[in-house]
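The residues making up each chain are set out below.
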Amino acid sequence: MSIPTTTPSVAKAKWLNRVKWDEHGLVPVIAQEAGSNDVLMFAWMNRDALYKTVELGEAVYWSRSRKKLWHKGEESGHVQKVLEIRLDCDEDVVLLKVEQAGGIACHTGRHSCFFQKFDGDARDGDWQDAEPVLKDPQAIYTDKKK
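- An unreviewed UniProt entry lists the protein chain under the name Phosphoribosyl-AMP cyclohydrolase, with [Empedobacter] haloabium as the source organism.
- Of the protein chain, the UniProt comment under Subcellular location (unreviewed entry) reads exactly: "Cytoplasm".
- If you open the UniProt record of the protein chain and go to Function (unreviewed entry), you find "Catalyzes the hydrolysis of the adenine ring of phosphoribosyl-AMP."

This is the structure we're talking about:
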(Lines give C-alpha, C1' and ligand atoms only; values in the text may rest on other atoms or scores of the structure.)
Protein backbone atom coordinates (compact mmCIF):
# COMPACT_ATOMS: atom_id res chain seq x y z
CA MET A 1 0.00 0.00 0.00
CA SER A 2 1.97 2.98 -1.24
CA ILE A 3 0.87 6.46 -0.26
CA PRO A 4 0.83 8.60 -3.40
CA THR A 5 2.32 12.06 -3.52
CA THR A 6 -0.14 14.34 -5.26
CA THR A 7 1.40 17.78 -4.91
CA PRO A 8 3.61 18.72 -7.91
CA SER A 9 5.88 20.93 -5.78
CA VAL A 10 6.55 17.98 -3.46
CA ALA A 11 7.62 15.83 -6.39
CA LYS A 12 10.17 18.51 -7.38
CA ALA A 13 11.66 18.89 -3.87
CA LYS A 14 14.91 16.95 -4.31
CA TRP A 15 15.82 17.20 -0.62
CA LEU A 16 13.02 14.72 0.09
CA ASN A 17 14.93 12.09 -1.91
CA ARG A 18 17.56 11.87 0.86
CA VAL A 19 14.99 10.35 3.20
CA LYS A 20 14.75 6.55 3.09
CA TRP A 21 11.00 6.03 2.94
CA ASP A 22 9.65 2.60 3.88
CA GLU A 23 7.69 0.33 1.53
CA HIS A 24 4.54 2.32 2.34
CA GLY A 25 6.16 5.69 1.57
CA LEU A 26 6.48 6.58 5.26
CA VAL A 27 9.26 7.58 7.64
CA PRO A 28 9.10 7.41 11.46
CA VAL A 29 9.21 10.77 13.23
CA ILE A 30 10.10 11.63 16.82
CA ALA A 31 8.87 14.94 18.24
CA GLN A 32 11.16 16.31 20.95
CA GLU A 33 10.49 19.39 23.04
CA ALA A 34 13.23 21.94 22.34
CA GLY A 35 13.53 23.36 25.86
CA SER A 36 13.34 20.23 28.00
CA ASN A 37 14.48 17.64 25.42
CA ASP A 38 11.49 15.51 26.47
CA VAL A 39 10.38 13.04 23.82
CA LEU A 40 6.78 14.07 23.26
CA MET A 41 5.52 11.63 20.68
CA PHE A 42 6.20 9.28 17.80
CA ALA A 43 4.36 9.48 14.50
CA TRP A 44 4.74 8.92 10.76
CA MET A 45 5.20 11.24 7.79
CA ASN A 46 4.92 10.77 4.06
CA ARG A 47 6.57 13.10 1.55
CA ASP A 48 3.61 15.50 1.59
CA ALA A 49 3.64 15.69 5.39
CA LEU A 50 7.35 16.46 5.61
CA TYR A 51 7.09 19.06 2.85
CA LYS A 52 4.06 20.69 4.54
CA THR A 53 5.91 20.70 7.89
CA VAL A 54 8.77 22.66 6.33
CA GLU A 55 6.37 24.93 4.46
CA LEU A 56 4.18 25.75 7.51
CA GLY A 57 6.79 25.59 10.25
CA GLU A 58 4.35 23.40 12.19
CA ALA A 59 4.23 19.60 12.47
CA VAL A 60 2.10 17.79 9.91
CA TYR A 61 1.97 14.00 10.13
CA TRP A 62 0.43 11.15 8.15
CA SER A 63 -2.41 9.50 10.06
CA ARG A 64 -2.29 5.80 9.22
CA SER A 65 -5.71 5.18 10.81
CA ARG A 66 -7.44 8.05 8.98
CA LYS A 67 -5.26 7.72 5.85
CA LYS A 68 -4.80 11.48 5.54
CA LEU A 69 -2.51 14.32 6.52
CA TRP A 70 -2.88 15.38 10.14
CA HIS A 71 -1.82 18.88 11.17
CA LYS A 72 -0.93 18.36 14.83
CA GLY A 73 -3.26 20.46 16.95
CA GLU A 74 -5.93 20.90 14.26
CA GLU A 75 -8.58 19.71 16.73
CA SER A 76 -6.94 20.24 20.13
CA GLY A 77 -5.12 23.51 19.47
CA HIS A 78 -1.91 21.87 20.71
CA VAL A 79 0.16 22.65 17.61
CA GLN A 80 3.85 21.92 17.40
CA LYS A 81 5.98 24.81 16.17
CA VAL A 82 8.96 23.23 14.43
CA LEU A 83 12.28 24.85 15.33
CA GLU A 84 14.60 22.28 13.77
CA ILE A 85 14.38 19.14 11.64
CA ARG A 86 17.06 16.46 11.72
CA LEU A 87 17.61 13.26 9.78
CA ASP A 88 19.43 10.37 11.47
CA CYS A 89 22.66 8.78 10.19
CA ASP A 90 20.80 6.04 8.30
CA GLU A 91 18.48 8.69 6.82
CA ASP A 92 15.42 6.68 7.86
CA VAL A 93 14.20 8.52 10.98
CA VAL A 94 13.23 12.19 11.31
CA LEU A 95 13.59 14.18 14.54
CA LEU A 96 11.55 17.33 15.04
CA LYS A 97 12.63 19.81 17.72
CA VAL A 98 9.40 21.58 18.61
CA GLU A 99 7.73 24.10 20.87
CA GLN A 100 4.59 22.37 22.10
CA ALA A 101 1.58 24.70 22.39
CA GLY A 102 -0.20 24.35 25.71
CA GLY A 103 2.43 21.93 27.02
CA ILE A 104 0.24 18.99 25.97
CA ALA A 105 1.30 16.64 23.16
CA CYS A 106 -0.76 13.55 23.99
CA HIS A 107 -4.44 13.03 23.17
CA THR A 108 -4.81 11.76 26.76
CA GLY A 109 -4.18 15.31 28.02
CA ARG A 110 -0.62 14.62 29.16
CA HIS A 111 2.62 16.42 28.35
CA SER A 112 4.09 13.40 26.54
CA CYS A 113 2.69 10.29 24.88
CA PHE A 114 5.36 8.34 26.76
CA PHE A 115 3.67 8.61 30.15
CA GLN A 116 3.65 4.91 31.05
CA LYS A 117 6.69 3.60 32.92
CA PHE A 118 7.53 -0.07 33.53
CA ASP A 119 7.86 -0.91 37.22
CA GLY A 120 8.96 -4.23 38.70
CA ASP A 121 10.68 -7.26 37.23
CA ALA A 122 10.07 -9.50 34.22
CA ARG A 123 7.76 -11.88 36.12
CA ASP A 124 5.37 -9.55 37.86
CA GLY A 125 6.08 -6.03 36.64
CA ASP A 126 3.52 -3.76 35.04
CA TRP A 127 3.11 -0.38 33.39
CA GLN A 128 2.32 2.55 35.68
CA ASP A 129 1.23 6.07 34.80
CA ALA A 130 4.24 8.30 35.48
CA GLU A 131 2.81 11.64 34.28
CA PRO A 132 -0.40 13.38 35.37
CA VAL A 133 -3.26 14.35 33.10
CA LEU A 134 -2.87 18.11 32.61
CA LYS A 135 -6.25 18.60 30.96
CA ASP A 136 -9.23 16.30 30.61
CA PRO A 137 -9.33 15.02 27.01
CA GLN A 138 -13.10 15.66 26.90
CA ALA A 139 -12.36 19.34 27.53
CA ILE A 140 -9.74 19.32 24.75
CA TYR A 141 -11.79 17.57 22.07
CA THR A 142 -15.20 19.18 21.91
CA ASP A 143 -17.86 18.79 19.25
CA LYS A 144 -17.09 21.60 16.79
CA LYS A 145 -20.66 21.49 15.41
CA LYS A 146 -22.30 22.72 18.61
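Read on, since the account is not over.
1. What about the UniProt feature "binding site: Zn(2+)" (unreviewed entry) in the protein chain?
Part 1: Taking the UniProt record as the reference, the feature "binding site: Zn(2+)" (unreviewed entry) is found at Cys89, Cys106 and Cys113. Taken together, the annotated residues stretch across 25 residues and extend over separate regions, lying up to 27.6 Å apart by C-alpha.
Part 2: With respect to the secondary-structure elements, Cys89 resides in the loop between strand 5 (80-87) and strand 6 (94-100).
Part 3: Locating Cys113 in the fold gives a position in the loop between strand 6 and strand 7 (116-119).
Part 4: Not counting residues up to four positions away in its chain, the partners in contact with Cys113 are Leu40, Met41, Ala105 and Cys106.

2. Things to note about the sheet that holds strand 2 (residues 39-45)
Part 1: Taking strand neighbours across the sheet as the criterion, the four strands line up as 2-1-6-5 in an open arrangement whose pairing is mixed. Two strands close off the open sheet at either side, each with one partner strand: strand 2 and strand 5. Strand-to-strand twist in this sheet, taken as the mean axis angle between neighbours without regard to direction, amounts to 25 degrees.

3. Considering the nonpolar core
Part 1: Formed by 23 residues in total, the largest nonpolar core has its most connected members in Leu16, Val27, Val29, Met45, Tyr61 and Leu96.
Part 2: Among the secondary structure elements, those contributing two or more residues to this core are strand 1 (27-33), strand 2, helix 2 (47-56), strand 3 (60-63) and strand 6.
Part 3: The element contributing the most residues to this core is strand 2, with four residues.
Part 4: The contact partners of Leu96, leaving out residues within four places of it in the chain, are Val29, Ile30, Ala31, Gln32, Met45, Thr53, Ala59, Tyr61, Val82, Glu84 and Ile85.

4. A short note on the environment of Leu40
Part 1: Its location among the elements puts Leu40 in strand 2.
Part 2: Each C-alpha atom of the pair Leu40 and His111 lies 7.0 Å from the other, and the pair is 71 residues apart in sequence.
Part 3: Excluding its chain neighbours within four sequence positions, the residues that come into contact with Leu40 are Ala31, Gln32, Glu33, Gln80, Val98, Gln100, Ala105, His111, Ser112, Cys113 and Phe114.

Procedures and definitions
- Residues numbered from 1 in each chain as written.
- Predicted model: local features only at pLDDT ≥ 70, side-chain atom pairs only at ≥ 80, totals over all residues.
- Heavy atoms only, no water.
- UniProt positions renumbered as here; feature names shortened; annotations may be inferred.
- Helix = DSSP H or I, 4+ residues; strand = E, 2+ residues; numbered from the N terminus.
- Contact = heavy atoms within 4.5 Å.
- Pairing = 2+ DSSP bridges.
- Axes fitted to C-alpha atoms, helices over the stretch in contact; angles between N-to-C directions.
- Core = buried A, V, L, I, M, F, W, Y, C linked by side-chain atoms within 4.5 Å.
- Buried < 20%, exposed > 50% of the residue type's maximum accessible area, 1.4 Å probe, protein only.

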